[in-house]
Amino acid sequence: MAAAVVGALAVFAASAPGEVLSPAITLGPTTVLNGTATVAGHVGAPSTGAQLAINGTPVAIDALGNFAAVLNLGGQSNLTFRLANSGGEVTSLNLPLNSNIVGPGGVISPGVLTALEQAAVSIVKPLDGFKITDELPLKVEGRVGDGSTLAGLTVNGKDVLGLVGEDRGFSITVPGTTREITVTSTDRQGVTSTTTYPVVQSASATSVAAAAAQGIRIAKIRYITKNVRRTKRMRMVVTVRDRRGLLIRNATISVRSRYARRIFRNPKAKKSNRVGQAAFLMRARNKAFGKRLVMITLAKTPKAKVSKSSSVRIPRLAKRRAARR
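The numbers attached to residues start from 1 for each chain and follow its sequence in the written order. For this predicted model, a pLDDT threshold of at least 70 governs which residues receive local features, and a threshold of 80 or more governs which side-chain atom pairs are given and counted, while totals over whole chains, interfaces and linings are taken from all residues. With hydrogens and water set aside, each side-chain value is computed from the structure's full complement of heavy atoms.

**A short note on the overall build of the protein chain**
Next, step 1: Numbering of helices and strands runs from the N terminus, with a helix taken as a DSSP run of H or I at least four residues long and a strand as a DSSP run of E at least two residues long. Each helix and strand in the protein chain was counted, giving 2 helices and 26 strands.
Next, step 2: The buried share of the protein chain, reckoned over its 325 residues, is 43%.
Next, step 3: Every residue pair with non-hydrogen atoms within 4.5 Å of one another is taken to be in contact. For the protein chain, the proportion of contacts with a sequence separation of at least 24, taken over those separated by at least 6, is 61%.
Next, step 4: When the accessible area of the protein chain is evaluated, it comes to approximately 17600 Å², of which 50% is carbon and sulfur surface. Per-residue accessibility, obtained with a 1.4 Å probe over protein chains only, is compared with the maximum for each type, and a residue is labelled buried under 20%, exposed over 50%, and partly exposed between these values. Here, Shrake-Rupley sampling with a 1.4 Å probe gives the accessible areas, and only protein chains in the shown set may cover a residue.

And the structure:
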């Protein structure tokens, strides 16, 4: 096969719903001699917003998707193609200019991309792009046609080649603060293909991140004392909102007993979840039973803080029955 497809998402089978193909570059006659690279090729499915650069130098793409350029490498030991589309997706191909890649007469064969073709790495992308709501973790899934041709495969820097199962699929979860999904394939010659997708961060209509909250207030404190006489453990759930009534995510919340020796150690501070809540598990001491436990709650965002006192009555401990004589 003379033509070679460039990109971490090159797929040569029918696509699954939501699966997308990377921008494709067919490598034509290419030579590297005396520090000068003569490059030609073709961009598959060009769009008016597609932009190509080779070693940082912009290269024009004609109406049919063809390109050609003569470049001074300036001592660089790699030939790097970078193709960006109007949607913010970027595919790059890096060819190390060593004896494995550059043949007699400085010729780089189109077959240099065969291993990436055979690997046929794909990734499942939602039809409307990658989106994260309320900073919740995002699951990224993909497939590999033939992993034996690859020396490495990563998603956002984490190895996934070792995760490929019998069905040739893989999945990885990225943090809710992720801004880009980057898939990098490396063949055994050191040829590397990288595709980067933007991730849109959004918030639900009912919550806001702590950094964007307008003030903070402790909207609700709930105590769960069921079975406390038997287990001596109880839960405390704190809900925080801002002045607009939006639930606050990632606010720092801490609680402590107003009076000493009523509970075993004050709980560690926690971050509020996507519904603006933080839950604490506390163990009551014997002297707290039959009395009102008073707790001080402190909630903070980067711009505001608030404290609130609340209390709950803990039932008396059950009296032990007198020992039978």
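**Some details on a positive patch on the surface**
Next, step 1: Patch membership requires more than 30% relative accessible area and the absence of a salt bridge. Residues of like charge join within 9 Å; the nonpolar side chains Val, Leu, Ile, Met, Phe, Trp and Tyr join within 5 Å. We define a salt bridge as a contact between a side-chain nitrogen of Lys or Arg and a carboxyl oxygen of Asp or Glu at a distance within 4 Å. Asp and Glu are treated as the negative residues and Lys and Arg as the positive ones, with His and the ends of the chain left uncounted. In this description, the location of a charge corresponds to atom NZ of lysine, CZ of arginine, CG of aspartate or CD of glutamate. On the surface, a cluster of positive charge is made up of Lys220, Arg222, Arg235 and Lys270.
Next, step 2: Note that Lys270 resides in strand β23 (residues 270–271).

**Regarding the packing of aromatic side chains**
Next, step 1: For Phe, Tyr and Trp, where Trp contributes only its six-membered ring, two rings pair if their centres lie within 6.5 Å, and the inter-plane angle classes them as stacked under 30 degrees, edge-to-face over 60, or tilted in between. For the structure on display, the rule yields 2 aromatic pairs.
Next, step 2: Over the aromatic face of Phe264 sits the side chain of Arg283, whose NZ or CZ is 4.6 Å from the ring centroid.
Next, step 3: Each ring is checked for a lysine NZ or an arginine CZ that lies within 6 Å of its centre and within 35 degrees of its normal; such an atom marks a charge sitting over the ring. The cationic tip of Arg285 hangs over the ring face of Phe264; the distance from NZ or CZ to the ring centre is 4.1 Å.

**Some words on the pattern of salt bridges**
Opposite charge on two side chains allows them to pair when their charged atoms are near.
Next, step 1: Scanning all chains against the criterion turns up 4 salt bridges.
Next, step 2: Lys131 is the partner of Asp128 in a salt bridge, and the nearest nitrogen-oxygen pair spans 3.5 Å.
Next, step 3: Residue classification places Asp128 among the exposed positions, given a relative accessible area of 53%.

**Some details on the nonpolar core**
Next, step 1: Counting residues in hydrophobic clusters, the biggest one holds 46 residues, and the most contacted among them are Phe67, Leu79, Phe81, Leu95, Ile108 and Ile181.
Next, step 2: Counting 29 residues, the second-largest nonpolar core is a separate cluster that includes Met234, Met236, Phe280 and Ala284. Residue types Ala, Val, Leu, Ile, Met, Phe, Trp, Tyr and Cys, when buried and joined through side-chain atoms within 4.5 Å, form a set referred to as a nonpolar core.

**Overview of the sheet that holds strand β12 (residues 138–143)**
Next, step 1: Think of it this way: DSSP has to see at least two bridges between two strands before they count as a pair. Ordered by their spatial adjacency, 3 strands build an open sheet running β10-β12-β15, and the pairing between neighbours is antiparallel. With partners counted over all chains shown, the strands left at the sheet margins are β10 (122–123) and β15 (169–174), one partner each.
Next, step 2: Pairing of β12 with β15, which is carried by 6 bridges, proceeds in the antiparallel orientation. Within β15, the residue paired with Leu138 across the bridge is Val174.

**A look at the confidence of the model for the protein chain**
Next, step 1: A residue's pLDDT is the confidence the predictor assigns to it, expressed on a 0 to 100 scale. For the protein chain, per-residue confidence averages 86 on the pLDDT scale, and residues scoring 70 or more make up 89% of the total.
Next, step 2: Note on residues 1–23: pLDDT under 50 across the span, and 69 contacts to partners over four residues away in sequence or across chains.

**As for the pairing of strand β22 (residues 252–257)**
Next, step 1: Residue alternation in β22 divides its side chains into a buried set, Ile253, Val255 and Ser257, and an unburied set, Thr252, Ser254 and Arg256.
Next, step 2: By the bridge criterion, 2 bridges tie β22 to β23 in an arrangement that is antiparallel. If you follow Thr252 over to β23, its bridge partner there is Lys271.
Next, step 3: In terms of strand pairing, β22 meets strand β25 (residues 292–300) through 6 bridges, oriented antiparallel. Residue pairing across strands places Ser257 opposite Met295, the latter belonging to β25.

**Focus on the pairing of strand β11 (residues 130–133)**
A regular strand carries its side chains on alternate faces of the sheet.
Next, step 1: Side-chain alternation along β11 places Phe130 and Ile132 on a buried face and Lys131 and Thr133 on a face that remains uncovered.
Next, step 2: Where β11 lies against strand β17 (residues 192–202), 4 bridges are found, and the strand directions are parallel. Note that in β17 the partner of Phe130 across the bridge is Val199.

**Section: the environment of Ser86**
Next, step 1: Position of Ser86 relative to the elements: it lies in the loop between β7 (78–84) and β8 (90–96).
Next, step 2: Sequence-wise, Ser86 and Gly49 are 37 residues apart; in three dimensions their C-alpha atoms are separated by 4.7 Å.

**Some remarks on unusual backbone geometry**
Next, step 1: Not every positive phi belongs to a glycine, and Asn250 is a case in point at roughly 65°.
Next, step 2: Looking at where Asn250 falls in the secondary structure, it is placed in the loop between β21 (247–249) and β22.

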